[in-house]
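Each chain, written out:
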Amino acid sequence: MTSLVDSSIDAISEAEFQDLKVTCKTKEATVSLEAKSELINSILKEVDLFDPLELEGLDPKNSLGLYRPVSGNEKLTLRPLKSGDFHRGYVKLLSQLSLAGDIDEDKFLNAFSLMKRCPETYYVYVVESPADGGRVIATATVIMEQKFLRGCTKRGFLEDVVVCDSHRNRQLGKFMIAVGQELSKRKNAYKFTLNCRDDMVPFYAKLGFVSEPQNDNFMSMRFDTRPNPV
């Protein structure tokens, strides 16, 4: 059973959900609500990971909200990640970037709920294609790191930028990065950073990112033994 609980959203609480025993009569037996995902979706209101107003007015391309790709006439909608995006291909899209792993809807909603319980921290935004049934075709994440340094300021950290292979070469990747940059400025972050492979340095350099003198080493300690982690 999936649960999506947050005191700030208009949804039933986990306790109410546990107590709720709605049944559906079938020819063979009575089936509990937990086995009927379509009924769960009708009870639990789909929610945004963060307030959509956070994206209004950023406008890095003077067309934020509805962005027209460089080629084609398809209108694409920019918005926060939604709790229903598991069914719009979000996880499949991530797998085009790196190993997504075995993620079912329960795991997706659990991670979504944990992020939503940390306001002003996780900004996962997506571009969907209304002409393709609302399928998610691009995504990026900005993590706002609260710091004590520099007068308790914040740092914007860019992660997981990926555009579906069917929509590449339209500058959507640059657009997603520009959204993260403008969002970080709005949140009064003192800098906007990312980690990337060596072969991607020229690409990000063209967008204004620079390697800081004596501070351009990315080091990690891996606990994931799966092949080709990114």
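The structure presented is a predicted model; accordingly, all values stated were derived computationally and were not measured. (Residues numbered from 1 in each chain as written. Predicted model: local features only at pLDDT ≥ 70, side-chain atom pairs only at ≥ 80, totals over all residues. Heavy atoms only, no water.)

Help me get a handle on the confidence of the model for the protein chain, residues and values and all.
In this model, the protein chain carries an average pLDDT of 79, and 72% of its residues clear a pLDDT of 70 or more. Within the model, the stretch residues 62-66 combines pLDDT values under 50 with twelve contacts to residues more than four positions away or in other chains. (pLDDT = per-residue confidence, 0-100. Contact = heavy atoms within 4.5 Å.)

Account for the pattern of salt bridges, naming residues and giving values.
A complete count under the given rule lists 13 salt bridges for this structure. Taking the shortest distance from any N to any O, the salt bridge between K187 and E120 comes out at 3.0 Å. In this pair, K187 sits in the loop between α6 (172-186) and β8 (189-193) while E120 sits in the loop between α4 (105-116) and β5 (122-129), placing the two residues 67 residues apart along the sequence. Its relative accessible area of 39% is what places E120 among the partly exposed residues. Taken together, the salt bridges that share partners define one network made up of E46, R79, D85, R88 and E128. (Salt bridge = Lys/Arg side-chain N within 4 Å of Asp/Glu carboxyl O. Helix = DSSP H or I, 4+ residues; strand = E, 2+ residues; numbered from the N terminus. Buried < 20%, exposed > 50% of the residue type's maximum accessible area, 1.4 Å probe, protein only.)

Account for the environment of K147, naming residues and giving values.
Within the secondary structure, K147 is located in the loop between β6 (135-146) and α5 (149-152). Here the alpha-carbon distance between K147 and A189, two residues 42 residues apart in the chain, equals 9.9 Å. The residues touching K147, leaving out its near neighbours within four places in the chain, are C152, T153, R155 and Y190.

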